[in-house]
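# Report on the structure
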2 protein chains.
Amino acid sequence: MYDFRSDSADCAREVEKGLAAWLGTERLSGPGPAPERLIAAMRHGSLEGGKRLRPLLVRQAAAVFGMPAAASAQAGLAVEMVHCYSLIHDDLPAMDDDDLRRGRPTVHKAYDDATAILAGDALLTHAFALLADPACHPQADVRVALVLELAQGSGAGGMVGGQMRDIEGESAGLSGAEISTMQAMKTGALIRAAVRMGALLGGADPRALSALTAYAEAAGRAFQLADDILDVTATAEQMGKATGKDAAMGKQTLVAELGVDGARQRLNQTVSEALSALRTFGPKADGLRATARYFATRET
Amino acid sequence: MYDFRSDSADCAREVEKGLAAWLGTERLSGPGPAPERLIAAMRHGSLEGGKRLRPLLVRQAAAVFGMPAAASAQAGLAVEMVHCYSLIHDDLPAMDDDDLRRGRPTVHKAYDDATAILAGDALLTHAFALLADPACHPQADVRVALVLELAQGSGAGGMVGGQMRDIEGESAGLSGAEISTMQAMKTGALIRAAVRMGALLGGADPRALSALTAYAEAAGRAFQLADDILDVTATAEQMGKATGKDAAMGKQTLVAELGVDGARQRLNQTVSEALSALRTFGPKADGLRATARYFATRET
């Protein structure tokens, strides 16, 4: 029986340990030694916090093909580094202007804007180094496929493009369909990349990759719906960050469009879609199933 | 006979064409379509300008091993995209706060800070996609080596770390040795990566790679010395950007340390070092030789 609580806690612990090891002077050095202040800001923006859901998805997707957790761990760290860099940049005054993240000062508050920009840039850069590194996977063709997948998920047609659409939408207003596209890019694309990277690590054939992509897209929508519902219903204390911000900033979400009850109903449908995309897989996909169900019930 | 003017002009033209082709809706698309505003800002920050010296170095280093220009072009574009992203972020008000670049408004002036941050992020991300793409080189092991090389050159122990040290130095002050380390990282590391990437594309053996690395490190120092001298001696009109800024911002350079004449002398010595690192190579290294000499004589 797959135990979501224990597997996700193990994964989060390993991600914490892995990031702490990678974000040190030795492994960050290049032609020169990485400056202490930069390392400290990178660590501040990525250690001690987060549910580490994206590495968990990499691990669970790889597990569908019988891969042990250790074999997908480094790719999971790379995805998490991209997620953390995006939070650091999104929190900047020029973007969402957030002072608090996971109950602590955001990187630009703890350091300054310039350091936060550079720490984000460095996390993004080193994420690709982790994927290209031989310890990530023995085959170079798999490693380049991972680089491409992460770049496409996090680039102009993915996460970064979604953030751009989100900012544009604050002034221009977005239709229901435009909100869906924006969210599929801003949040969905990296979740999709995480699942597909797990599948690539496991050597998925095109049919399995396509089923897992369908799972990931539905799971991404479910995750975002849950997040938007919590922004309305949860307290800042529960979430470790400001809530009610979407409405205050004029950000349009599907909760504004459908109401909280309508959004909850849509969330349940979306989780069902995610589960049905996994129907051809046996018990090895129980991890992915549990994560989809978790999105419907999470309280923080 | 190698003709620097014609080869560098050809290279610049091809880089312009290549970037214009890659920075379009089709090639930037991922799970969703890249937003028009983001594409426009990415193009603003990378098209119509620059000497394209880094792609030229990739091409010239690959030529040492008999590689035709077309075979190293895509890797050259990736390096140039990283260079352009770094300029976009460095120009931000939170960093160097520049309004003018290559005679045109900087990206955050033409758009806004948020768009400039995202455009830089996206250029960096897609640079790695270009390297991982099969059209970059037929062998996956070469492509991952390129990804690693570019990440190390542009990461916390390279370019980004150098920018961090430069910012820290504005308030703390730097010794002559610290200025050298900072510059070896901020400017030198990407030049080093460009040369080494050309060598990797050409299948360099460890001995050749080591000689070309020595060349690249000297060439990078020469480039930076020339830049610092021009910041003092050239006009803004010649340079297409503000000059005299280093002193105004309290940035320490070797010109402040050695004086203009002392810096010119050091520049000539450094170019000689670069040339002597190439002594085991025949006429196929004439491109690299010409670029090193160009650093000693450039006027813009």
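An unreviewed UniProt entry lists chain A under the name Polyprenyl synthetase family protein, from Devosia albogilva. Of chain A, the UniProt comment under Sequence similarities (unreviewed entry) reads exactly: "Belongs to the FPP/GGPP synthase family."

For chain A, the count of helices and strands is 15 helices and 2 strands. The C-alpha atoms of chain A give 18 Å as radius of gyration, which agrees with the globular expectation for 300 residues (19 Å, within 12%). On the principal axes, the C-alpha backbone points of chain A span a range of 50 × 50 × 35 Å. Burial statistics for chain A: of 300 residues in total, 59% are counted as buried. Just so you have it, chain A exposes about 11300 Å², and 51% of that area is on carbon and sulfur atoms.

This next bit is on the interface of chain B and chain A. Each partner contributes residues to the interface: chain B has 55 residues there, and chain A has 54 residues. Contact between chain B and chain A buries roughly 4300 Å² in total, counting both sides, with carbon and sulfur atoms accounting for 78%. Together, Pro 31, Leu 118 and Met 164 of chain B form the three largest contributors to the area buried by chain B at its contact with chain A, with a combined 14%. For the pair chain B and chain A, the number of links is 10 residue pairs in polar contact (both at pLDDT 80 or more). When residues in the side of chain B that touches chain A are grouped by element, the largest group, 13 residues, is from helix H7 (residues 113-132) of chain B. By residue class, the composition of the side of chain B that touches chain A is 30 nonpolar, 16 polar and 9 charged.

Here a ring pair, both rings aromatic, is described through the centre-centre distance and the interplanar angle of the planes. All names here are of chain A. Counted under the stated rule, the structure contains 7 aromatic pairs over all chains. A centroid spacing of 5.4 Å and a plane angle of 70° characterise the contact between Phe 223 and Phe 295, whose relative ring orientation is edge-to-face. One end of the pair, Phe 223, is in helix H11 (residues 206-233); the other, Phe 295, is in helix H15 (residues 286-297), with 72 residues separating them in the sequence. For Phe 223, a relative accessible area of 9% gives the class buried. Its relative accessible area of 1% is what places Phe 295 among the buried residues. Through a chain of ring-to-ring contacts, the aromatic side chains of Phe 4, Phe 223, Tyr 294 and Phe 295 assemble into a single cluster.

Residues and elements named next belong to chain A. Applying the stated criterion to the full structure yields 26 salt bridges over all chains. Residue Glu 149 is joined to Arg 196 by a salt bridge in which the shortest nitrogen-to-oxygen separation is 2.7 Å. Separated by 47 residues along the polypeptide, Glu 149 in helix H8 (residues 140-154) and Arg 196 in helix H10 (residues 176-201) bring together distant segments of the chain. For the pair shown, Glu 149 and Arg 196 are each scored as buried. Salt bridges here are not isolated pairs; linked through shared partners, they connect Asp 7, Glu 14 and Arg 59.

Turning to the relation of the copies chain B and chain A, a few remarks are in order. Screw-axis analysis of chain B against chain A gives a translation of 0.0 Å along the axis, an RMSD of 0.0 Å, and a rotation angle of 180°. Within this description, the copies of the chain are treated as partners about a two-fold rotation axis. By residue overlap, the copies meet face to face through one surface: 98% of the interface positions of chain B are interface positions in chain A.

A word on the environment of Ala 116 of chain A. All names here are of chain A. Here Ala 116 shows up in helix H7 (residues 113-132). For the pair Ala 116 and Gly 50, spaced 66 residues apart in sequence, the C-alpha separation works out to 18 Å. Here Ala 116 is in contact with Ile 88, His 89, Leu 92, Val 107 and His 108, once residues within four sequence places are set aside.

Residue and element names in this part refer to chain B. Here helix H10 (residues 176-201) spans 35 Å end to end across 26 residues, near enough to the 38 Å set by a 1.5 Å rise per residue. Maximal helix bending in H10 amounts to about 55°, located at Gly 188. Positive phi shows up at Gly 203, right after H10, with a value of about 75°.

Analysis parameters
- Residues numbered from 1 in each chain as written.
- Chains lettered and ligands numbered in written order.
- Predicted model: local features only at pLDDT ≥ 70, side-chain atom pairs only at ≥ 80, totals over all residues.
- Heavy atoms only, no water.
- UniProt positions renumbered as here; feature names shortened; annotations may be inferred.
- Helix = DSSP H or I, 4+ residues; strand = E, 2+ residues; numbered from the N terminus.
- Rg over C-alpha atoms; globule rule 2.2 N^0.38 Å.
- Buried < 20%, exposed > 50% of the residue type's maximum accessible area, 1.4 Å probe, protein only.
- Areas by Shrake-Rupley, 256 points an atom, 1.4 Å probe, with all protein chains shown as cover.
- Contact = heavy atoms within 4.5 Å.
- Buried area = accessible area lost by both parts, 1.4 Å probe.
- Polar contact = N/O pair within 3.5 Å; in protein donor to acceptor, adjacent residues only side chain to side chain.
- Nonpolar A, V, L, I, M, F, W, Y, C, P; charged D, E, K, R; others polar.
- Phe/Tyr/Trp six-rings, centres within 6.5 Å; stacked < 30°, edge-to-face > 60°.
- Salt bridge = Lys/Arg side-chain N within 4 Å of Asp/Glu carboxyl O.
- Least-squares fit on C-alpha atoms with pLDDT ≥ 70 in both.
- Expected span 1.5 Å × (residues − 1).
- Bend = angle between axes of the 7 residues up to and from the residue.

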